[in-house]
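Per-entry structural report
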Amino acid sequence: MIEFLQYSFIQKAFIAGAFISIACSTLGIFLVLRKMSLIGDGLSHVGFGAIAIGLFFGIYPLIAAIPLVMLGSIVILKISEKAKVYGDAAIGIISAVGISTGVILSSLSSGFNVDLFSYLFGNILSISSTEVILSILLSIIVLLMIYFFYWDLFSATFDEEYAKTTGIKTNSINILLTLLTALTVVLTVKMAGIMLVSALLILPAVTALQLTNGFKKAMFIGGVVSLISVVTGITISFFINLPTGATIVLVNVMLFMLSLINSKR
Amino acid sequence: MTTMIETKDISVFYGHSQALKEISFIIESGDFVGLAGPNGAGKTTLIKAVLNLLPLSTGEIKLFGIQQKKFDDWGKIGYLPQKISTINPLFPATVDEVVMLGLLSQKKWPKRTIKQDQTVINEVLDQLGIIDLKKRMLSELSGGQQQKVLLARTLVSNPSILIFDEPSTALDPESRETFYALMQRLNKKDGITIILITHDTASIGSYANKLLYIDKSIIYFGMFSDFCKSEDMNTYFGKFVQHLICHQHS
């Protein structure tokens, strides 16, 4: 059974999956506690439009998606800051722009529909070596930024107003958090697909929150849960021939259900 | 006497509605100022403006003689906000992690914890009698205990000015007395300047030396002793209320 590890596509999936999953769960803790869980969902829809733009103009889709999704994340932030629009409504607006752009571009071009729709559900087993390197690099950037801004992010998440009174530039921290989310969303599209990206941001975090007391412990346990889900999900999907992204998400859901039984609250 | 906070003609608007009108005052080192006024008078707005949490429409603020916009030594000002109800019950922070947030104003990027931080945190928790709660989750504690933890967060950076926004509302009468006694000790013994927003106008005179009474604009700012004798205040409040605000003042 262990022989399946010899396949290079499985090795690539494990390596990229491990990095992406830890970036997702670490960031996810902040997003869930800030009640921004669905920003991942909105940004993945922006990703749909961005990937369509990439395919339409012949640019490598994930490379096209990175700047466009980052731009989408800033627009969400600015709309909710400047206009009289709540954050969730801003996410809804930008999400719709992403989907609409994708649908219109796919109708204009008859050639890339199959490619575009493959991104809806992702497939980490088809990840290329370049994408593995990109995943590792971007995940490390996300984790390093969280490491260096750990206390600023913690304070702004716990009580934004108080954080300001200690000199923390909370506007900059909010921009950082949404940009990191945008990066992570693009990374995760390959693994879980546009439809399921937000599950990988939300589920490990909410599972960890059931089990821990202490913020650092929650981040650690979230990482472990996420890693277990990815490794188990990829393995199960390989052996019983199931879609990988969806299997990873359902393993995450099962771990969340188990955590409810063991909940400390 | 050093000038700690100086405001000059500050006004704040929320949309078209004016929350503060041309407020000017000077708070000096060692002052214990009771900030009072009716509901919606702008007490919290005034404090938020001083702390740079709200933009000014007009006027200017100096902190320790420095223009507020250029001021960066925020560790010198400790702030205890009004609502502990804003604490997210899902947030998995332990007491020592929350108190650590009070030390962030003294740290340069990238902010890291050092051993000495734990010593300082232990000292302040010990001082407030909650050292045994150090590793407990904040969300598991009672309202009074949470208030003490937030007070520890405020005190841990050893500030020169403390600003409290109606801190006693979540406390039982006994804890309230202890809290007032602690404030008085911090003011008298350690020389910390205190601004206390309060509805408790009947007892603030026992602790504070100055009264700042506002209702969008300043109604009175000065020594409590002068307030008691002021003819203007007699006219504004009537004898009964003036006496109520004064009567516990020695």
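Within each chain, residue numbers correspond to sequence positions counted from 1 in written order. Whichever chain is written first becomes A and whichever ligand is written first becomes 1, with later ones labelled in order. Predicted model: local features are reported for residues with pLDDT of at least 70 only, side-chain atom pairs are reported and counted for 80 or more only, and whole-chain, interface and lining totals are derived from all residues. Derived side-chain values reflect all non-hydrogen atoms in the structure, with water molecules and hydrogen atoms excluded from consideration.

The next point concerns the overall build of chain B. Each helix is a run of H or I in the DSSP string that is no shorter than four residues. Each strand is a run of E no shorter than two, and both are numbered from the N terminus. Helix and strand content of chain B: eight helices and ten strands. Its C-alpha atoms give chain B a radius of gyration of 19 Å, near enough to 18 Å, the size a compact globule of 250 residues would have. Viewed in the frame of its principal axes, chain B has a C-alpha envelope of about 55 × 40 × 35 Å. Think of it in three bands: with a 1.4 Å probe and only protein chains considered, a residue is buried below 20% of the maximum accessible area for its type, exposed above 50%, and partly exposed in between. The burial tally for chain B puts 51% of its 250 residues in the buried class. We call two residues contacting when some pair of their heavy atoms lies within 4.5 Å. In chain B, the share of contacts with a sequence separation of at least 24, taken over all contacts with a separation of at least 6, comes to 65%. When the accessible surface of chain B is split by element, carbon and sulfur atoms take 51% of a total near 11400 Å². Taking the average location of the 27 positive side-chain charges in chain B and that of its 26 negative ones, the two points are 5 Å from each other. Note that the radius of gyration is over C-alpha atoms, with the globule rule given as 2.2 Å times the number of residues to the power 0.38. We get accessible surface area from the Shrake-Rupley algorithm with a probe of 1.4 Å; when it comes to residues, only the shown protein chains can shield them. Positive residues here are Lys and Arg, negative ones are Asp and Glu, while His and the chain termini are left out of the count. In this description, the location of a charge corresponds to atom NZ of lysine, CZ of arginine, CG of aspartate or CD of glutamate.

What follows deals with unusual backbone geometry. A cis amide bond, omega -5 degrees, links B:W109 with the succeeding residue B:P110. Within the fold, B:P110 resides in the loop between α2 (95-100) and α3 (115-127). For A:K35, which is not glycine, the phi torsion reads 60 degrees and is therefore positive. Turning to its location among the elements, A:K35 is positioned in the loop between α1 (8-33) and α2 (39-57). In this structure A:K35 comes out as exposed when scored by relative accessible area, which is 72%. Look at B:E22: it is not a glycine, yet its phi comes out positive at around 45 degrees. Among the structural elements, B:E22 can be located in strand β2 (residues 17-28). Take B:E22: its relative accessible area is 53%, and that puts it in the exposed class.

Another point: α1(A). Residues and elements named next belong to chain A. Multiplying one less than the number of residues by 1.5 Å gives the expected span of a helix. With 26 residues, α1 extends 38 Å from end C-alpha to end C-alpha; this agrees with the ideal 38 Å at 1.5 Å per step. To get the bend at a residue, fit one axis to the 7 residues ending there and another to the 7 starting there, then take the angle between the axes. Maximal helix bending in α1 amounts to about 25 degrees, located at L27. K35 lies just past α1 and shows a positive phi near 60 degrees.

Attention now moves to the sheet that holds strand β7 (residues 161-165) of chain B. Residue and element names in this part refer to chain B. When DSSP locates at least two bridges between a pair of strands, those strands are taken to pair. Across the sheet, six strands lie side by side as β6-β7-β8-β3-β9-β10; this open sheet has mixed pairing. Of all the strands in the sheet, the pair left with one neighbour each is β6 (77-80) and β10 (217-223). Each neighbouring strand pair of the sheet contributes to a mean axis angle of 15 degrees, computed without reference to strand direction. Only the stretch in contact is used when fitting a helix axis, every axis being a line fitted to C-alpha atoms; angles between N-to-C directions are given from 0 to 180 degrees. Sheet contacts for helix α8 (residues 231-246): β9 (210-215) and β10; angle to β10, the most-contacted strand, approximately 55 degrees.

It is worth spelling out the packing of α2(A) against helix α10 (residues 197-211) of chain A at this point. Residues and elements named next belong to chain A. As a packed pair, α2 and α10 sit with axes 8 Å apart at the nearest point and diverge in direction by 160 degrees. Looking at the two axes, α2 sits roughly antiparallel to α10. Our pair here, α2 against α10, has a crossing hand that is right-handed. Each of G40, D41 and S44 in α2 lies in contact with α10, whose residues at this interface are V197, S198 and L201. The residue makeup of the contact of α2 with α10, split by class, is two nonpolar, three polar and one charged. Angles are sorted into four bins: roughly parallel if under 35 degrees, roughly antiparallel if over 145, roughly perpendicular if 65 to 115, and oblique for all others. If you view the pair so one helix is near and one far, a crossing is left-handed when the near helix is turned anticlockwise from the far one by less than a right angle, and right-handed when it is turned clockwise. The classification used treats Ala, Val, Leu, Ile, Met, Phe, Trp, Tyr, Cys and Pro as nonpolar, Asp, Glu, Lys and Arg as charged, and all other residues, Gly among them, as polar.

What follows is about the nonpolar core. Among the buried residues, those of types Ala, Val, Leu, Ile, Met, Phe, Trp, Tyr and Cys that are joined through side-chain atoms within 4.5 Å form a nonpolar core. Core analysis: the biggest nonpolar cluster contains 132 residues, and A:F154, A:F215, B:V99, B:F164 and B:I194 have the highest contact counts within it. Ranked by residue count, the leading element in this core is α1(A), at 13 residues. Shared between two domains, this core holds at least three residues of each, these being domain 1 (1-64 + 160-250) and domain 2 (88-158) of chain B. Once you skip the residues sitting within four places of it in the chain, B:I194 turns out to touch B:D31, B:F32, B:V33, B:L162, B:F164, B:M183, B:L186 and B:N187. With 30 residues, the next largest nonpolar core counts B:I10, B:I23, B:I27 and B:I163 among its residues. Bear in mind that the domain bounds are from an automatic or database domain assignment.

This part covers the packing of helix α11 (residues 215-239) of chain A against helix α12 (residues 244-261) of chain A. Residue and element names in this part refer to chain A. Two numbers describe how α11 lies on α12: the axes approach to 8 Å, and their chain directions differ by 135 degrees. Considering the angle they form, α11 stands oblique to α12. Between α11 and α12 lies a crossing whose hand is right-handed. Where α11 approaches α12, its residues V225, I228, S229, V230, T232, G233, I234, I236 and S237 are matched on the opposing element by T244, T247, I248, V251, N252 and L255. Across the contact of α11 with α12, the residue classes break down as eight nonpolar, seven polar and no charged.

Attention now goes to the domain arrangement of chain B. All names here are of chain B. Considered domain by domain, chain B is made up of domain 1 (1-64 + 160-250) and domain 2 (88-158). Computed over C-alpha atoms, the centres of domain 1 and domain 2 are 27 Å apart. Taken together, the ten residues of domain 1 in the interface contact nine residues of domain 2. Buried area, as used here, totals the accessible surface that two parts lose on assembly, with accessibility defined by a 1.4 Å probe and the loss added over both. Between domain 1 and domain 2, a total of about 740 Å² is buried, with carbon and sulfur atoms accounting for 70% of that surface. Salt bridges are defined by distance alone: a side-chain nitrogen of Lys or Arg within 4 Å of a carboxyl oxygen of Asp or Glu. Here domain 1 is connected to domain 2 by zero salt bridges. Counting of polar contacts relies on pairs of N or O atoms within 3.5 Å, with two restrictions inside protein: one atom must be capable of donating a hydrogen and the other of accepting it, and residues adjacent in sequence are counted only when both atoms are side-chain atoms. Counting across the domain 1 and domain 2 interface gives zero residue pairs in polar contact (both at pLDDT 80 or more). Elements represented by at least two residues in the side of domain 1 that touches domain 2 include exactly β7 and α5 (173-188). Examining the composition of the side of domain 1 that touches domain 2, we find that four residues originate from one element, α5, more than from any other. Here the residues of the side of domain 1 that touches domain 2 sort into eight nonpolar, one polar and one charged.

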